[in-house]
Amino acid sequence: MARYRYLVVGGGMTADAAVRGIRDVDPSGSIGLISAETHPPYARPPLSKGLWRGGSPDKIWRGTAELGADLHLGRTVQSLDLAAKRAVDNRGTVYAFDRLLLATGGTPRRLPSGADEGVIYFRTLDDYERLRAWSEHRRRFAIVGCGFIGTEIAAALAMNGRDVVMLFPEDGVGARMFPAGLARSLNEYYRGRGVDVRAGEAVETLQATQAGAVIETSIGRMIEVEGVVAGLGIVPAIGLAHAAGLRIDNGIAVDELLRTNHPDVYAAGDVAAFINPALGRRIRVEHEDNANTMGRHAGRNMAGEALPYHHLPFFYSDLFDLGYEAVGELDPHLTTYEDWKDPYKEGVVYYLRDGRVRGVLLWNVWGQVDAARALIAEPGPFRPEDLRGRLPAA
């Protein structure tokens, strides 16, 4: 049986950040990390961004083992006994711990057809390497979904000279976050960059073929492609926590110290649902800033600190030559105020509920994330017109 002062379940950026947080406070306590992936922790954003623009794969590695953590790779924890403080993995190995972090992330949502053959549900380094290999000898790809993965991979493949068709049921690219006009403008922007955008068309069926796949869309259109990439979001991996009796609330519920309802069990990253004071509610965030900041915070608290986690994470994306940063709730069903310097090219979108700013989209506007956080924390009330020019480009 392996015994650790700190046991981390998960092998992503959150897990690595937690190890660093532990080492900030405890330089010598034993740390074990159990990951389903066969790779040590690595940076994920380059998989859909920088590596397609000529970035080096050698720079993605986080160097977790160099911090003195034992990495148990290619393993999954099958059960937890919180009373005995033990975990058992899929090989039957037992791990004893004093404090535990669940950084289990999430699993990709699947296409409703259930067809997985010939589909990459893009999320991991193995997915990137598989798609990169496909792109070397395949020409035509379907991207299913218009969220972060869909928009970034569509841009990546198009910039690398591949024919891309985008399929999604919404009216515009990013329509679940952006105001309708901006989302529709992105349809034309992507078309102008060579992407065949099929807004309002979902995948009805998908049949793998020797050449790739044949997709039937919701309007009866048949599309032949050589590869399919699906970016449909994730489902938080709560099964282990639920079976162990931990509280679930759209993720593993944690208090402001990132503890679950067991005092020696913490959760962080994509899987953790935490209360954010600025928004006044429990949220779950699936982005890099939260993974790094929350993971390190959890590690420090596991090692003896007691610092509340009040951080409001930001997120960002690159879409060909466009880019944005955002904070808070980006929900187009809220009241929105669009303050454009150049319509759909540079400006700020504010999302309001009951006179308070709940989210800010900085569209090709940089250096204003902290100011946006401060604005969200203000009690208001604001009228939309009060926000004109509030966050100009720095």
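Residues numbered from 1 in each chain as written. Predicted model: local features only at pLDDT ≥ 70, side-chain atom pairs only at ≥ 80, totals over all residues. Heavy atoms only, no water.

Caption draft 1: Structural view of helix α7 (residues 369-377). Of all the positions in α7, only V369, A372, R373, L375 and I376 are classed as buried. In an axial view of α7, the angular spread of the buried residues amounts to 160°, which keeps them on one side of the axis. Where α7 is buried, its residues touch α6 (288-302), β21 (314-319), β22 (322-328), β24 (346-353) and β25 (356-363). (Buried < 20%, exposed > 50% of the residue type's maximum accessible area, 1.4 Å probe, protein only. Helix = DSSP H or I, 4+ residues; strand = E, 2+ residues; numbered from the N terminus. Arc of directions from axis to C-beta. Contact = heavy atoms within 4.5 Å.)

Caption draft 2: Geometry of helix α3 (residues 148-159). Here α3 contains 12 residues, and its C-alpha end-to-end distance of 17 Å stays within 8% of the 16 Å for a straight helix at 1.5 Å per residue. Counting buried positions over the 12 residues of α3 gives nine, a clear majority of the element. Every buried residue of α3 is listed here: G150, T151, E152, I153, A154, A155, A156, L157 and A158. At the exit of α3 stands G161, carrying a positive phi of roughly 80°. (Expected span 1.5 Å × (residues − 1).)

Caption draft 3: Spotlight on the sheet that holds strand β15 (residues 227-230). One open sheet holds the five strands; their spatial order is β8-β15-β9-β10-β11, and the pairing between them is parallel. Here the strands that pair on one side only, and so sit at the sheet edges, are β8 (119-121) and β11 (195-199). The average undirected angle you get between the axes of adjacent strands in this sheet is 20°. As defined by bridge partners, strand β9 (residues 140-144) adjoins strand β10 (residues 163-168) across five bridges and the pair is classed as parallel. Each residue of the ladder has a partner; that of A142, found in β10, is V165. Here α3 sits on the sheet in contact with β9, β10, β11 and β15, set at roughly 165° to β10. (Pairing = 2+ DSSP bridges. Axes fitted to C-alpha atoms, helices over the stretch in contact; angles between N-to-C directions.)

Caption draft 4: Representation of the pairing of β24 within the structure. Along β24, six of the eight residues are buried, which leaves the element largely enclosed by surrounding structure. Sheet analysis places strand β23 (residues 335-342) next to β24, joined by seven bridges and oriented antiparallel. From the neighbouring strand, T335 faces β24, where its bridge partner is L352. Hairpin remark: β23 followed by β24, antiparallel, with three residues in the connecting loop; positive phi at Y344, about 65°. Note: β24 against β25, seven bridges, orientation antiparallel. In the sheet register, G347 faces β25, and the bridge partner there is W363. Turn length for the β24-β25 hairpin, with the two strands adjacent in sequence and antiparallel, is two residues, and the turn residue D354 shows positive phi of about 55°.

Caption draft 5: Looking closely at the pairing of strand β12 (residues 203-209). Looking at chain direction, β12 and strand β13 (residues 212-217) are connected through six bridges and run antiparallel. The residue of β13 that forms the bridge with V203 is T217. Taking the residues that link successive antiparallel strands as the turn, the β12-β13 hairpin has two residues.

Caption draft 6: Structural context of the packing of helix α1 (residues 13-25) against α6. Put simply, α1 and α6 touch, their axes get as near as 6 Å, and they point 35° apart. Viewed along their axes, α1 and α6 form a crossing whose handedness is right-handed. Of the residues in α6, those touching α1 at M13, T14, A17, A18, R20, G21, I22, D24 and V25 are E288, A291, N292, G295, R296, G299 and R300. Grouping the amino acids of the contact of α1 with α6 by side-chain chemistry returns six nonpolar, five polar and five charged. (Left-handed = near helix turned anticlockwise from the far one by under 90°. Nonpolar A, V, L, I, M, F, W, Y, C, P; charged D, E, K, R; others polar.)

Caption draft 7: Looking closely at the packing of aromatic side chains. Per the counting criterion, the structure on display carries 13 aromatic pairs. With 5.3 Å between their ring centres and 65° between their planes, F274 and Y309 make a pair best called edge-to-face. Here Y309 lies in the loop between α6 and β21 and F274 lies in strand β19 (residues 272-276), a separation of 35 residues in the sequence. Like F274, the residue Y309 is buried in the burial classification. Ring pairing ties together the aromatic residues F178, Y324 and W363, which thus form one cluster. The ring of W52 has R132 lying over it, and the distance from NZ or CZ to the ring centre is 4.2 Å. Of note, R138 hangs over the ring of W134, and the distance from its end group to the ring centre comes to 4.2 Å. (Phe/Tyr/Trp six-rings, centres within 6.5 Å; stacked < 30°, edge-to-face > 60°. Lys NZ or Arg CZ within 6 Å of the ring centre and 35° of its normal.)

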